[in-house]
Amino acid sequence: MEKYLNIIQLITGILAIACIFTGLFLSIKKLSKEDESKKIPKNTVIISTLLIAIGLLLFSVTKTCTNYANRDQEYDISVLYLSSLITVIKYFGFVLLVPILFNYIKRKPKTVSDEDIEED
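Heads up: these notes are all about the structure in this document. (Residues numbered from 1 in each chain as written. Predicted model: local features only at pLDDT ≥ 70, side-chain atom pairs only at ≥ 80, totals over all residues. Heavy atoms only, no water.)

### Some points on a nonpolar patch on the surface
Under the convention used in this document: The patches described consist of residues with a relative accessible area above 30% and no salt bridge, like charges being joined within 9 Å and nonpolar side chains (Val, Leu, Ile, Met, Phe, Trp, Tyr) within 5 Å. All accessible-area figures derive from a Shrake-Rupley calculation using a 1.4 Å probe, and residue coverage is judged against the displayed protein chains alone. Salt bridge, as used here: a side-chain nitrogen of Lys or Arg that lies within 4 Å of a carboxyl oxygen of Asp or Glu. Secondary structure elements are defined from DSSP: runs of H or I of at least 4 residues count as helices, runs of E of at least 2 residues count as strands, and each element is numbered from the N terminus. Exposure is judged per residue with a 1.4 Å probe applied to protein chains only, and the accessible area is read against the type maximum: over 50% gives exposed, under 20% gives buried, and values in between give partly exposed.
Judged by side-chain polarity, Met1, Tyr4, Ile7, Ile8, Ile11, Leu15 and Ile77 come together as a nonpolar surface patch covering roughly 660 Å² of accessible area. Among the elements that line the nonpolar patch, the one with the most residues is helix α1 (residues 5-29), at four residues. Looking at where Tyr4 falls in the secondary structure, it is placed in the segment before α1. Judged by its relative accessible area of 46%, Tyr4 falls in the partly exposed class.

### Concerning the packing of aromatic side chains
This is how it is decided: A pair of aromatic rings is counted whenever rings of Phe, Tyr or Trp (Trp by its six-membered ring) have centres within 6.5 Å, and the orientation is called stacked for planes under 30 degrees apart, edge-to-face for over 60 and tilted otherwise.
What the rule picks out here adds up to two aromatic pairs. Arranged with centres 5.7 Å apart and planes meeting at 85 degrees, the rings of Phe59 and Phe92 form a pair that is edge-to-face. One end of the pair, Phe59, is in helix α2 (residues 42-69); the other, Phe92, is in helix α3 (residues 77-92), and 33 residues separate them in sequence. Note on Phe59: relative accessible area 28%, which makes it partly exposed.

### Observations regarding the environment of Gln9
Of note, Gln9 is situated in helix α1. Taking the relative accessible area as the measure of exposure, Gln9 reaches 25% and is therefore partly exposed. Sequence-wise, Gln9 and Cys65 are 56 residues apart; in three dimensions their C-alpha atoms are separated by 6.1 Å.

Take a look at the structure:
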């Protein structure tokens, strides 16, 4: 297994990046530039959040491979994965909230129209 760690680490790292950025771009693409009050559809938010969660799980596999190669004592692979998962969630778990926050952060509507400026 130790000779395949680099391959596993590379594949899961690339898949993690692809899943996270796909999830973020799905929710960013659905933001309406014309209608500022329109929210992202619920299905898109759910799919984006799931893609980001899958990406974080894959990134924890990458961290597990790193921890497995650098281990000092004989740990079970499940203990290493759980430790890596907790570390990834601790540092990057906020990314799961980004598609949800896009629905609640709105740009301020323009209070002064062009017609009001021309009349003055």
